[in-house]
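The lines below spell out each chain.
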Amino acid sequence: MSRIGKIAFWGFGAAAIVAGLGIVALRFVPAVQDFAVGRMIAQGMAIDRSGLMADDALRVIVCGSGSPMPDPNRAPSCYLVIAGGKTYLVDAGAGSFSRVVRWRIPVSGMAHVFLTHFHSDHIGDLGEANMQSWAGGRRTPLTVHGGPGIEQVVGGFNMAYAPDSSYRTAHHTEAYMPIAASVMQASLMANDDGTPFTGTQGRVVLTDGDLTVTAFAVDHAPIVPAYGYRFDYKGRSVVFSGDTVPTPSISQFGAKADVLINEAMAMEVVDMMSQTAAELGNDGLSHLLHDTLDYHTSPQDAAVMADDAGISHVVLSHLAPPMPQWIAEIMFTRNVSSKAEVHVAFDGMLIELPLGSTEVRFSEISR
Ligand SMILES: [Zn+2]
Ligand SMILES: [Zn+2]
């Protein structure tokens, strides 16, 4: 063996022995365990996301890119919009808000939640979004915006969480968890006569500094109300389709937006699942799957709507059925033709629209 070969042999050997001793020490020595866990805690708590709050861009973080079909990698519908140092939540599918907390996104300033509609995959985590942002330092009540029925949904969550809230205030005191901040306020978005927006109805529902939020009807029949949203901030804009079939309201209210986040269903795959369920004798599942085909949008139609609206970037989300990201990027973009740049959402996707620019940047919140 050459001299360099010998040095490499003994070097690797020594490194392997040190690594082995480290693993043994971690397994059996409490002081080493405490040191390792302490380092992990310190690193986790030191994560600083304050840069996301800078007033230099309109930002969206995808906290749920999935649908009601259980998916190990995607929570159901959830988006966090950041504008002017404030955060706004669009939908709160079950298990989605824990992602926001785990990513250590500052939510103490969150004041508004916008629900597209009241299907469970859009509201399941509303109670947790309220509790976790309260525990995270929020001192004023959340206002939850939605169509007719919003009082019932918000009232129900408030009622169900009332014991939990009282425990936390009693335990941690009013100074840290003021009870008034735990009670969500419902805000109805409807026509003046109280009827839900339908067809291509819609209006501005929030002006907060330089941010404007517009709600508009989409077509998720027989589900009414069903809304989409447009966020405009200092010349940049993002549109959320909510759940819908192709509808002219996207091109009307989404006109010339920078980004359309549109729901997408791989129709042929859901059809395949429905047929497979039928072949296996599971008529109930086959029926439910088949029913979903008539109130969602295919990726191809989402791209057409974006082109009709003159939108430059499409993010396909609310992906159904579940599949890993690498295959989703193939299955949800095949046969899609669009002038827009097409992306397939994943949980943790960060979309940044720098102010004073037409650029849209896509990246990932590191975990
Ligand atoms: Zn729905
Ligand atoms: Zn849905």
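Rules behind the numbers
- Residues numbered from 1 in each chain as written.
- Chains lettered and ligands numbered in written order.
- Predicted model: local features only at pLDDT ≥ 70, side-chain atom pairs only at ≥ 80, totals over all residues.
- Heavy atoms only, no water.
- Disulfide = S-S within 2.5 Å.
- Helix = DSSP H or I, 4+ residues; strand = E, 2+ residues; numbered from the N terminus.
- Donors = N, O, S within 2.8 Å, 3.2 Å for Na, K, Ca; no water.
- Domains from an automatic or database assignment.
- Phe/Tyr/Trp six-rings, centres within 6.5 Å; stacked < 30°, edge-to-face > 60°.
- Buried < 20%, exposed > 50% of the residue type's maximum accessible area, 1.4 Å probe, protein only.
- Lys NZ or Arg CZ within 6 Å of the ring centre and 35° of its normal.
- Contact = heavy atoms within 4.5 Å.

(A) View of the state of the cysteines. Scanning all chains against the criterion turns up 1 disulfide. In this model Cys63 forms its disulfide with Cys78; the gap between the sulfur atoms is 2.1 Å. The chirality of the disulfide connecting Cys63 with Cys78 is left-handed, given an S-S dihedral of about -80°. Taken together, the positions of Cys63 in strand 1 (residues 57-64) and Cys78 in strand 2 (residues 78-83) put the pair 15 residues apart, joining distant regions of the chain.

(B) Main features of the coordination of the zinc ion (ligand 2). Around the zinc ion (ligand 2), the protein contributes the donor atoms Asp121 (OD), His122 (NE2), Asp243 (OD) and His318 (NE2), at 2.1 to 2.2 Å from the metal centre. Read in sequence order, the donor residues for the zinc ion (ligand 2) give the motif D-H-x120-D-x74-H. In this structure, the zinc ion (ligand 2) is positioned 3.4 Å from the zinc ion (ligand 1), and both are ligated by Asp243. Remark: His318 occurs in strand 12 (residues 313-320) and Asp121 occurs in helix 4 (residues 120-123); sequence separation between them is 197 residues.

(C) Quick look at the domain arrangement of the protein chain. For the protein chain, the assigned domains are domain 1 (3-44) and domain 2 (51-364). If you average the C-alpha positions of domain 1 and of domain 2, the two centres end up 45 Å apart.

(D) Focus on the packing of aromatic side chains. All told, the structure shown has 8 aromatic pairs when counted by the stated rule. When the centroid spacing of 5.0 Å and the interplanar angle of 5° are considered together, the rings of Phe216 and Phe253 count as stacked. A residue pair is termed long-range when its members are at least 10 positions apart, and Phe216 in strand 8 (residues 211-217) and Phe253 in helix 7 (residues 248-253) qualify at 37 residues. The pair Phe216 / Phe253 is uniform in exposure class, with both members buried. One aromatic cluster is present, built from ring pairs that chain together Tyr79, Tyr88, Phe114, Tyr229, Phe231 and Phe240. Between Arg27 and the ring centre of Phe28, over which it is positioned, the NZ or CZ distance is 5.1 Å.

(E) Examining the environment of Trp134 more closely. Secondary-structure assignment places Trp134 in helix 5 (residues 126-135). Judged by relative accessible area, Trp134 falls into the buried class, the value being 1%. Expressed as a C-alpha distance, the spacing of Trp134 and Met110, which sit 24 residues apart in the sequence, is 9.3 Å. Residues contacting Trp134, with those up to four places away along its chain left out, are Arg139, Ser165, Arg168, Thr169, Met177, Pro178, Ile179, Ala181 and Ser182.

(F) Quick peek at unusual backbone geometry. Val224 connects to Pro225 through a cis peptide bond whose omega is 5°. Assignment of secondary structure puts Pro225 in the loop between strand 8 and strand 9 (227-233). Cis rather than trans, the peptide bond between Ala320 and Pro321 has omega equal to 0°. Along the polypeptide, Pro321 turns up in the loop between strand 12 and helix 11 (325-331). Despite not being glycine, Asp91 shows a phi value in the positive range, around 70°. Notably, Arg104 is not glycine yet its phi reads approximately 60°, a positive angle. Within the secondary structure, Arg104 is located in the loop between helix 3 (97-102) and strand 4 (112-114). Residue Arg104 is classed as partly exposed on the basis of its relative accessible area, which comes to 38%.

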